[in-house]
Amino acid sequence: MKRKTASVLMALLMLINASSISVFAASNSTSASSKAAISSGQITEKQVISIIPLDSRPSNTQYPQHTGGIMNQTVLLPPSEILDNYTSASDSEALWKWMQDKASVSDNMIIFTNQLFNGGLISSRSYVNSDSIEYDVNRLSKFIRENPQLEVTVVSILPRLLPSQFDMYFQKYQRSLAAWGKQLDLNYTLQKPEPPFPADVPSEIAQRYRDLYTYHAKLATSISELASQGLIKKYYIGQDDGEQFAPSNIIYRSLLSKAHENVVVQKGADELTMMICAQENPSAHEIKLVYTNPDLMKEYLPYESAPLDEIVSEKLAILGITVNPEANDTLIIHNDASNPSKVSALLPEIKTGYIAVADVAYTNRGDANLKDMLFQKSSISTIDAYSGWNTAANTVGTVLSQYMATEYLSLNYDRLSPQAAKESIDSLMKFKYVRLAEDIIYQGLMINNMRSIFTARGMRMSNGDLYTDRKYEAEQLLNEYGFKYVIELNKLFRGTNYIHLGERTVETNYSLVNSTFTYPWHRTFEVLVSTVFS
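The text that follows walks through the structure, step by step, so that each part is easy to find. Counting restarts for each chain: residues are numbered from 1 in the order of the written sequence. Totals for whole chains, interfaces and linings use every residue, but because this is a predicted model, local features are given only for residues with pLDDT of at least 70 and side-chain atom pairs only at 80 or more, for both listing and counting. As a convention, hydrogens and water are excluded, and side-chain values are obtained from all of the structure's heavy atoms.

**So, the pattern of salt bridges**
For this analysis, a salt bridge means a side-chain nitrogen from Lys or Arg found within 4 Å of a carboxyl oxygen belonging to Asp or Glu. Scanning the entire structure with this criterion turns up 24 salt bridges. Here Arg210 makes a salt bridge to Glu194, at a shortest N to O gap of 2.7 Å. Taken as a pair, Arg210 in helix α8 (residues 203-228) and Glu194 in the loop between α7 (174-189) and α8 lie far apart in primary sequence, 16 residues in all. In this structure, Arg504 engages Asp414 in a salt bridge whose closest nitrogen and oxygen atoms are separated by 2.6 Å. Taken together, the residues span a long stretch of sequence, with Arg504 in strand β14 (residues 504-510) and Asp414 in the loop between α15 (392-412) and α16 (418-456) at a distance of 90 residues. Several salt bridges share partner residues, and in doing so they unite Asp55, Arg57, Asp270, Arg523 and Glu526 into one network. Strands are runs of DSSP state E lasting at least 2 residues, helices are runs of H or I lasting at least 4, and numbering of each runs from the N terminus.

**Topic: the packing of helix α4 (residues 92-103) against helix α6 (residues 132-146)**
Throughout, an axis means a line fitted to C-alpha atoms (over the contacting stretch in the case of helices), and angles, computed between N-to-C directions, take values from 0 to 180 degrees. Contact geometry for α4 and α6: axes closest at 11 Å, N-to-C directions at 15 degrees. Accordingly, the angle class assigned to the pair α4 and α6 is roughly parallel. Crossing hand, α4 versus α6: right-handed. Of the residues in α6, those touching α4 at Glu93, Trp96, Met99, Gln100 and Ala103 are Asp136, Arg139, Leu140, Phe143 and Glu146. Throughout this entry, Asp, Glu, Lys and Arg are counted as charged residues, while Ala, Val, Leu, Ile, Met, Phe, Trp, Tyr, Cys and Pro are counted as nonpolar. The remaining residues, Gly among them, count as polar. Here the residues of the contact of α4 with α6 sort into 5 nonpolar, 1 polar and 4 charged. Convention used here: angles under 35 degrees read as roughly parallel, angles over 145 as roughly antiparallel, angles from 65 to 115 as roughly perpendicular, and any remaining angle as oblique. Rotating anticlockwise by less than a right angle from the far helix to the near helix defines a left-handed crossing, while the corresponding clockwise rotation defines a right-handed one. The contact criterion used throughout is that any non-hydrogen atoms of two residues lie within 4.5 Å.

**Here's the deal with unusual backbone geometry**
Trans is the common state for peptide bonds, and a negative phi is the common state for residues other than glycine. A positive phi angle is found at Gln191, which is not glycine, with a value near 60 degrees. Here Gln191 lies in the loop between α7 and α8. Positioned with a positive phi, Asn364 is a non-glycine residue whose angle comes to about 65 degrees. Relative to the assigned elements, Asn364 resides in the loop between β11 (355-359) and α13 (371-374).

**A word on helix α3 (residues 62-70)**
Burial classes: relative accessible area under 20% of the type maximum marks a residue as buried, over 50% as exposed, and values in between as partly exposed (1.4 Å probe, protein chains only). Among the 9 residues of α3, 8 are classified as buried, and the element is accordingly described as predominantly covered. Within α3, the full set of buried residues consists of Gln62, Tyr63, Pro64, His66, Thr67, Gly68, Gly69 and Ile70. Residues of α3 that are buried in the fold lie against β2 (47-52), β3 (73-76), α10 (272-278), α15, α16 and β16 (528-533). Once α3 finishes, Asn72 follows within two positions and takes phi at roughly 65 degrees, a positive value.

**Comments concerning the sheet that holds strand β5 (residues 151-158)**
Pairing between the strands of a sheet comes from backbone hydrogen bonds, and it takes one of two forms, parallel or antiparallel. Strands are labelled as partners when DSSP assigns at least two bridges between them. Read from one edge of the open sheet, 6 strands run β3-β2-β4-β5-β6-β7, paired in parallel fashion. Only two strands of the sheet have a single neighbouring strand rather than two, namely β3 and β7 (263-265). Here the average twist between neighbouring strands, direction ignored, is 15 degrees. By the bridge criterion, 3 bridges tie strand β6 (residues 234-239) to β7 in an arrangement that is parallel. Note that in β7 the partner of Tyr235 across the bridge is Val263. Contacting β5, β6 and β7, α8 crosses the sheet at an angle of about 160 degrees to β6.

Here it is, written out as structure tokens:
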């Protein structure tokens, strides 16, 4: 009965689309940049960005839509039926057709080659014949030349160290191939010859693993040439699940040494689309950077190929944000799981600028010990952005993207129509809600318990994935067990809250707030949090 009531409530909420927003000026002063923005006239149209995403998970679809929404952008995505679905590859020809259909109505297009050429992130971890590169790159070049009005950003993500567990050739030899891959990078670093293939792996399979990186290196080099010709607005090359030693590091260093101004080589993957959308805010920004434990900032965190402070510096540089100890805006990096109270201690007594918290104390989840602080009404207004999901690069890139997007809204609020301003505020509040729901409630508090329940009921396969015919049942249980947390979160966002946009304070007053959790794929790694604010 409880589940049916929740479902009916969500259906009713979807019919309502109104919110109450009030605006207060904290003072009569206006920054020079804000005056310039206001003087340039009203923004009458939304910027349209079409995206061929890295994969179909929320991090590459929903999150960019929220980030773009804050900035008055319309983010278009291909229909789900032609995108990848976990281990099922996308429909490449249908994606090419979708791109052509959207080219005339888009200002920008972001294209992930992993999706368009390989069928998605997971598919791109399997062997690909390098003979396909010339055809694919020429087709991409032709598309861009035929649509000169379109600004195109291309992204390629280098494969991780651990071979795909879904590849029939690699799955039996994952550990041995990964060990060889580490040794390969170490030998390159020490300028030694390549190590011999592992004795327990057939040479043809080891060669397929080696050729996987050769393919991605050649592809990145070919597309870099398009970028150097000015055909592409920007070409980003990222690293999926980095390690201190991995074959992708060899490619990373090689490409970095030849980087062109239109080619950006960086660590990370799932945060990149948000960062690209956020860069439509060209204003200069400064932040004060503080770690909850500065002694730990040189540590290599899981799935990263560089120390934490280097990851943070790289994200700041890509977004054009400089560090200034006297800056008004603050980025708090929570990097000490043993001292969660330090986050509260670092919050200023009087809020004067933007405050973002990047929670990297744990990997693949937020620090549940922060819940009591974050789930306070005052924190909704005090902490402007929070993130604590997946890797450190993902988390830092997310909060910085939200910072840039919110700053854009602050500078251009007066230029937006009342409806556009309302939609931007709605996107901002929904993204804050999603981060707390995904990172604290699901990842921090629920995931282990849900996995135990699903296992006890025979709903999980031997590899931990959900049986596809039990996915709906799992989602019903997920929402039933998460109900008490969702009710608590809903109360925080209902009623009066305040968003600080520079010198301006925006009051929100939502009468109804709710959400449901679903699994985007038949696995328990992450959830899609669908929200209704009205």
